[in-house]
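# Summary of the model geometry
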Amino acid sequence: METKFWQLHSENDEAIFKQAGALLRDGELVAFPTETVYGLGANGLDGRAVRRIYEAKGRPSDNPLILHIADISEIYALTENLNDIALKLAKNFWPGPMTLVVPKSKIIPDEVSAGLPTVAVRFPVNKDAQRLIKAAGVPVAAPSANLSGKPSPTTAQDVMEDMDGKIAAVLDGGKCAVGLESTIIDTTGAVATILRPGQITPEMIAKVLGAVELDGVIKGDETAVPKAPGMKYRHYAPQAPMYLCRNMLVLDRNIQQALAKNLKVGVIATQAYSNCANKVFLSVEDLANKLFYYLRDLDRAGVDVIYAETVSEDGLGLAVMNRMRKAAGNQIL
Ligand code: TXA
Ligand code: MG
């Protein structure tokens with residue numbers, strides 16, 4: 001299949017969104033920008049269309065999808081019961097990089113929820129995403145638009161690298177503003193539980209709800225079974241082996257040893273190193289924004305090994321370290 005590549009933000013936008021919306025209604029796949037990462041969209045009420053997402057990504061069928069909406073009111077058709085916790089979170093953080101897990105209604109195809117009694121819903125703030133969802137006229141099921149296991153795409157070119165020839169179209173809306181996937185919150189228990197950390201931090205959620213819990217896997221409990229099925233898979237992995245270094249001394253030593261072996265070394269750190277492929281970050285916000293892009297770029301540079309500096313696991317650092325640990329297969333030096 002020839003994948004159409006549509007550049008947004010010109011006078012052609014109206015025609016593009018109209019065609020893209022029609023493709024989605026017809027059961028085709030369309031990748032689109034959101035504020036977090038690029039999504040791979042399908043008509044969320046059409047089980048057959050949703051199955052194509054799993055095929056294009058090579059995604060395990062037990063890993064459910066997020067439904068994207070373009071107005072808070074659209075969640076009522078998707079759930080049997082919107083409790084106080086969900087309502088408060090929606091009012092405070094939507095539109096934005098937050099996904100709510102709620103009891104699912106009867107219209108949700110099994111392919112979306114992968115057999116769970118719940119469904120994940122998100123109202124993105126990105127205007128291109130909102131226009132596409134409105135043009136489709138249906139909730140849009142969308143995982144990150146990468147091949148399963150690879151770093152999530154934060155540019156339309158990243159999407160093309162993984163999806164060219166497999167999907168109907170890619171909408172290019174430029175670089176994603178956040179760069180990490182949404183915070184996922186399970187609202188079905190007595191206390192809200194974060195299943196995947198993101199830019200909406202535990203501190204921000206606690207301010208609104210008074211209390212919030214972290215799913216065991218996020219706290220580093222390796223025996224815990226994650227409530228978000230996707231959190232159990234190796235993820236975001238660059239081609240080269242990656243190691244996290246707890247301090248600069250360890251980082252320095254490992255880089256020098258690898259260079260002495262004539263390896264091509266990629267480094268993600270707050271300072272640059274000579275003879276390495278350097279990716280310098282200035283703050284945890286900066287790293288959150290660029291991490292996936294850096295991982296893909298180091299792959300393109302063909303490095304043999306990647307060393308990365310760790311960040312402190314509070315605030316946004318929790319989400320960044322969660323992705324870095326997965327990318328590194330939890331190899332910490
Ligand atoms: O920022 C994001 O959330 C991006 C953009 C495109 O919106 N989407 C995204 O989707 O990251 P994906 O499919 O890559 O990750 C969805 C995660 C998976 O870990 C999945 O297991 C979990 O959400 N999930 C989906 N439905 C769930 C449910 N009903 N209960 C628990 N976890 C769920
Ligand atoms: Mg993903």
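The paragraphs below set out a description of the structure included in this document. Remember, it's a predicted structure, so these values are computed and weren't measured experimentally. (Residues numbered from 1 in each chain as written. Chains lettered and ligands numbered in written order. Predicted model: local features only at pLDDT ≥ 70, side-chain atom pairs only at ≥ 80, totals over all residues. Heavy atoms only, no water.)

### Observations regarding the sheet that holds strand β10 (residues 193–196)
Strand pairing in a sheet takes place through backbone hydrogen bonds and is either antiparallel or parallel in direction. Pairing in this open sheet of eleven strands is mixed, and the strands run β1-β8-β2-β3-β7-β4-β6-β5-β9-β10-β11 from one edge to the other. Where the open sheet ends on each side, the last strands, each with one partner, are β1 (4–7) and β11 (213–214). Summarising the sheet, strand β2 (residues 30–32) and strand β3 (residues 39–43) pair through three bridges and their orientation is antiparallel. If you follow A31 over to β3, its bridge partner there is L40. Taken strand by strand, helix α5 (residues 127–136) contacts β2, β4 (66–68), β7 (140–141) and β8 (169–172), and its axis lies near 150 degrees from that of β2. Lying over the sheet, helix α6 (residues 156–163) contacts β1, β2, β3 and β8, oriented at roughly 165 degrees with respect to β8. (Pairing = 2+ DSSP bridges. Helix = DSSP H or I, 4+ residues; strand = E, 2+ residues; numbered from the N terminus. Contact = heavy atoms within 4.5 Å. Axes fitted to C-alpha atoms, helices over the stretch in contact; angles between N-to-C directions.)

### Comments concerning the side chain of R296
Along the polypeptide, R296 turns up in helix α9 (residues 284–301). Leaving out residues up to four positions away in the same chain, R296 has contacts with N146, K150, P151, S152, P153, D158, E161 and D162.

### Overview of the packing of aromatic side chains
Under the definition given, this model contains two aromatic pairs. Between the aromatic rings of W94 and F123, the centroid separation amounts to 6.5 Å while the plane-to-plane angle is 65 degrees, which identifies the pairing as edge-to-face. Here the residue W94 occupies a position in the loop between α3 (84–93) and β5 (98–103), and F123 occupies one in the loop between β6 (118–122) and α5, the gap between them amounting to 29 residues. The same class applies to W94 and to F123, which are both buried. Relative to Y307, the ring of Y243 has its centre 5.8 Å away and its plane inclined at 25 degrees; by these criteria the two rings are stacked. You can see Y243 sitting in strand β12 (residues 242–245) and its partner Y307 sitting in strand β15 (residues 305–309), a full 64 residues away along the chain. The ring of Y293 is capped by K175, whose NZ or CZ atom sits 5.6 Å from the centre of that ring. (Phe/Tyr/Trp six-rings, centres within 6.5 Å; stacked < 30°, edge-to-face > 60°. Buried < 20%, exposed > 50% of the residue type's maximum accessible area, 1.4 Å probe, protein only. Lys NZ or Arg CZ within 6 Å of the ring centre and 35° of its normal.)

### Some details on the nonpolar core
Within soluble globular proteins, side chains that are nonpolar generally end up buried alongside one another. Among the nonpolar cores identified, the biggest contains 53 residues, and L40, W94 and L100 are the most heavily contacted of them. Sequence-distant contacts of L100, defined by excluding residues within four places in its chain, comprise A86, L89, A90, W94, V119, A120, V121, I185 and T187. Judged by nonpolar contacts, the second largest core, of 26 residues, contains L244, I268, L287 and A327. (Core = buried A, V, L, I, M, F, W, Y, C linked by side-chain atoms within 4.5 Å.)

### Some details on the pattern of salt bridges
All told, the structure shown has 15 salt bridges when counted by the stated rule. For D162, the salt bridge identified is with K150, shortest N-O distance 3.0 Å. One end of the pair, D162, is in helix α6; the other, K150, is in the loop between β7 and α6, with twelve residues separating them in the sequence. Here D158 ties to R300 by a salt bridge, and the two come within 3.5 Å at their closest N and O atoms. In this pair, D158 is assigned in helix α6 and R300 in helix α9, connecting sequence segments 142 residues apart. With a relative accessible area of 1%, D158 lands in the buried category. Here R300 falls in the partly exposed class, since its relative accessible area comes to 39%. A network of salt bridges, in which partner residues are shared, links K150, D158, E161, D162, K279, R296, D297 and R300. (Salt bridge = Lys/Arg side-chain N within 4 Å of Asp/Glu carboxyl O.)

### What about the sheet that holds β15?
Ordered by their spatial adjacency, four strands build an open sheet running β12-β15-β13-β14, and the pairing between neighbours is parallel. With partners counted over all chains shown, the strands left at the sheet margins are β12 and β14 (277–280), one partner each. For this sheet, the mean inter-axis angle between neighbouring strands, taken without regard to orientation, is 15 degrees. Of the pairings in the sheet, the one linking strand β13 (residues 265–269) to β14 comprises four bridges and is parallel in character. Bridged to V267 within β14 is N278. This element, helix α8 (residues 248–260), spans β12, β13 and β15 of the sheet and lies at about 165 degrees to β15.

### Details of the packing of α9 against helix α10 (residues 317–327)
Taken N-terminus to C-terminus, the directions of α9 and α10 make an angle of 25 degrees; their axes are 9 Å apart at the nearest point. Considering the angle they form, α9 stands roughly parallel to α10. For the pair α9 and α10, the sense of crossing is left-handed. Taken together, the residues of α10 that come into contact with α9 (itself represented by V284, L287, A288, L291, F292 and L295) are G317, V320, R323, M324 and A327. Across the contact of α9 with α10, the residue classes tally to nine nonpolar, one polar and one charged. (Parallel < 35°, antiparallel > 145°, perpendicular 65-115°, else oblique. Left-handed = near helix turned anticlockwise from the far one by under 90°. Nonpolar A, V, L, I, M, F, W, Y, C, P; charged D, E, K, R; others polar.)

### What about unusual backbone geometry?
The omega torsion across W94 and P95 is -5 degrees, close enough to zero to call that bond cis. Position of P95 relative to the elements: it lies in the loop between α3 and β5. One non-glycine residue, H9, lies in the positive phi region at around 75 degrees. Overall, the relative accessible area of 52% leaves H9 in the exposed class. Its identity is not glycine, yet N275 carries a phi of approximately 65 degrees, on the positive side. Looking at the element boundaries, N275 is found in the loop between β13 and β14. On the basis of relative accessible area, N275 is assigned to the exposed category, the value being 69%.

All quantities given are derived from atomic positions and should not be read as evidence of function.
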